[in-house]
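The lines below spell out each chain.
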Amino acid sequence: MKILVTDSLDHAALSRLRAAGHEVVELPGLQGEALIGALVECRALVIRGGTRVTSEVLRGSPSLRVVVRAGSGLDNVDQAAARRQGVAVFNTPAANAVSVAELVFGLLLALERRIAGAFASLRGGAWEKFHFMGRELSGRRLSLIGFGRIGREVALRARAFEMRVSACDPLVAAWPAGFTWVERVTLEGALERADVLSLHVPLGPETRGLIGPSEFASMPQGAVLVNVARGGLVDEPALLDALIRGHLSGAALDVFSTEPPGSHPLFDLPNVVATPHLGASTLEAQRRAGEEAATAVIEALAALES
């Protein structure tokens, strides 16, 4: 069967799809009408975060039966429209969990130890050892909003830093085995405890703007926000205000409400570190995402043939 791939995918995954006897067409960067045109006669579409599978795309692609996102989250796929069209939708939520969790601490350490500013100063010829005073993570209270695969990986690494961890996730019915040391709290409890607040929930109508003015006000003076999930979870003007007023001492961001964000006022603040949506940008995560995506496509197309 014909498979369209519109975002970068690991070469081993592409080889697996072809070895399974399918025709694989790679056409990166397609959107809207161009995407619909390319999907003629395609039974499967493999994407990452760059391709938007809208209701219009789904209606205009009657042969399409499978959409697989090689990555976590499905906010760029209209899942309700896919169900109406009889299109199965899959993602690979476990593939990037370790990479995202490691980035949380890369950003957090960069922020709290002021690494980027110190290096820029050193590169400029200065030796301002006492100017870049930082803070330890040990003993700090980490609140996780969302306790799925990524949230749990973050918790494990926080434990190694001797942080005190609490988590809020109403979708987790039974607290996972082995995490009795993570205190289960409400959203309000998570905010009130948060020396560091880290977000790990999908973006949807119920979570858009989840953290805004009242939530920032509920957090302790001097708290830090880390967001490597989705930019739309955070009210960015409210975040800017909380940072300028000094209620929050810093923010570490990998995602933004608009991507790319262009010239953003948050980037002018000395207490912000930011990266261009690098959460899954490791060789290992890309390999795992490709493997899992290829498996999902092969199995779904086999089911169609049976």
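Please refer to the structure placed before this passage.
Residues numbered from 1 in each chain as written. Predicted model: local features only at pLDDT ≥ 70, side-chain atom pairs only at ≥ 80, totals over all residues. Heavy atoms only, no water.

A.B. asks: How do you make sense of the overall build of the chain when you look at a structure like this?
C.D. replies: When you go through the chain residue by residue, the secondary structure sums to 11 helices and 12 strands. For the chain, the C-alpha radius of gyration of 21 Å lies close to 19 Å, the compact-globule estimate for 306 residues. Each of the three principal axes of the chain carries a C-alpha extent, and together these read 65 × 50 × 30 Å. Taking all 306 residues of the chain together, the buried fraction comes to 49%. Residue pairs at least 24 apart in sequence account for 58% of intrachain contacts in the chain once pairs closer than 6 positions are excluded. Within the structure as shown, the chain displays about 14600 Å² of accessible surface, and the carbon and sulfur contribution to it stands at 55%. (Helix = DSSP H or I, 4+ residues; strand = E, 2+ residues; numbered from the N terminus. Rg over C-alpha atoms; globule rule 2.2 N^0.38 Å. Buried < 20%, exposed > 50% of the residue type's maximum accessible area, 1.4 Å probe, protein only. Contact = heavy atoms within 4.5 Å. Areas by Shrake-Rupley, 256 points an atom, 1.4 Å probe, with all protein chains shown as cover.)

A.B. asks: Sorry, what's going on with the sheet that holds strand β9 (residues 196–199) here?
C.D. replies: What holds strands together in a sheet is hydrogen bonding between their backbones, with the strands either parallel or antiparallel. Spatially, 7 strands are ordered β8-β7-β6-β9-β10-β11-β12 in an open sheet, and the strand pairing comes out parallel. Every other strand in the sheet has two partners, leaving β8 (183–184) and β12 (272–274) as the edge strands with one partner each. Bridge analysis of strand β7 (residues 164–168) against β8 gives 2 bridges, and the strand direction is parallel. Bridge assignment links serine 166 to a residue of β8, and that residue is glutamate 183. (Pairing = 2+ DSSP bridges.)

A.B. asks: Any chance you could explain helix α10 (residues 236–245) here in plain terms?
C.D. replies: An α-helical segment advances 3.6 residues per turn. Residues three or four places apart therefore align on the same side. Turning to α10, its buried residues are Glu236, Ala238, Leu239, Leu240, Ala242 and Leu243. Looking at the buried residues of α10, the elements they touch are α9 (213–218), β10 (223–227), β11 (248–253) and β12. Phi turns positive, to about 85 degrees, at glycine 246, one or two residues after α10.

A.B. asks: Any chance you could explain the packing of aromatic side chains here in plain terms?
C.D. replies: Each aromatic ring pair is characterised by the separation of its centres together with the angle its planes make. Taken as a whole, this structure holds 5 aromatic pairs when the rule is applied. For the ring pair phenylalanine 147 and tryptophan 175, a centre distance of 4.8 Å and an interplane angle of 15 degrees mean the geometry is stacked. With phenylalanine 147 in the loop between β6 (141–145) and α7 (149–160) and tryptophan 175 in the loop between β7 and β8, this residue pair connects regions lying 28 residues apart in the sequence. We classify tryptophan 175 as partly exposed; its relative accessible area is 22%. Ring centres of phenylalanine 256 and phenylalanine 267 lie 5.5 Å apart, and the angle between their planes is 90 degrees; this geometry places the pair in the edge-to-face category. Linking phenylalanine 256 in the loop between β11 and β12 with phenylalanine 267 in the loop between β11 and β12, this pair joins segments that are 11 residues apart in sequence. With a relative accessible area of 6%, phenylalanine 256 lands in the buried category. Here phenylalanine 267 falls in the partly exposed class, since its relative accessible area comes to 37%. An aromatic cluster is built from Phe147, Trp175, Phe179 and Trp181, whose rings are joined through pairwise contacts. (Phe/Tyr/Trp six-rings, centres within 6.5 Å; stacked < 30°, edge-to-face > 60°.)

A.B. asks: Help me understand the pairing of β6 in this model?
C.D. replies: Within β6, 4 of the 5 residues are buried, leaving the element largely enclosed by the surrounding structure. Of the strand pairs in this sheet, β6 and β7 are connected by 5 bridges, and their pairing is parallel. Counted as the bridge partner of isoleucine 145 is cysteine 168 from β7. A crossover links β6 with its parallel partner β7, the connecting element being α7, and its sense is right-handed. Direction of pairing for β6 relative to β9: parallel, over a ladder of 4 bridges. Across the sheet, the residue bridging to isoleucine 145 is leucine 199, located in β9. (Right-handed = clockwise from strand over helix to strand, strands pointing away.)

A.B. asks: Please clarify how the pattern of salt bridges should be interpreted in this entry.
C.D. replies: Side chains that carry opposite charge are capable of pairing whenever their charged atoms lie near each other. For the coordinates displayed, the defined rule picks out 9 salt bridges. Note that arginine 193 is salt-bridged to glutamate 183, the shortest N-O span being 3.1 Å. Remark: glutamate 183 occurs in strand β8 and arginine 193 occurs in helix α8 (residues 187–193); sequence separation between them is 10 residues. Look at arginine 193 and you get partly exposed, because its relative accessible area is 27%. For glutamate 183, a relative accessible area of 39% translates into the label partly exposed. One continuous salt-bridge network, built from bridges that share partners, spans Glu112, Arg135 and Arg140. (Salt bridge = Lys/Arg side-chain N within 4 Å of Asp/Glu carboxyl O.)

A.B. asks: Help me understand the environment of alanine 70, please; the structure alone is not making it clear to me.
C.D. replies: Checked against the element boundaries, alanine 70 lands in the loop between β4 (66–69) and α4 (79–85). Ignoring sequence-local partners within four residues, the contact set of alanine 70 consists of Leu9, Ile47, Arg48, Thr92, Ala289 and Ala293.

A.B. asks: Just checking my understanding: could you explain unusual backbone geometry for this structure?
C.D. replies: Peptide bonds are trans in most cases, and residues, glycine excluded, mostly fall at negative phi. In this structure, proline 260 follows glutamate 259 across a cis peptide bond, with omega equal to -5 degrees. Its location among the elements puts proline 260 in the loop between β11 and β12. Of note, glutamate 41 is a non-glycine position whose phi angle comes to about 70 degrees, a positive value. Structurally, the position occupied by glutamate 41 is in the loop between α2 (32–38) and β3 (42–47).

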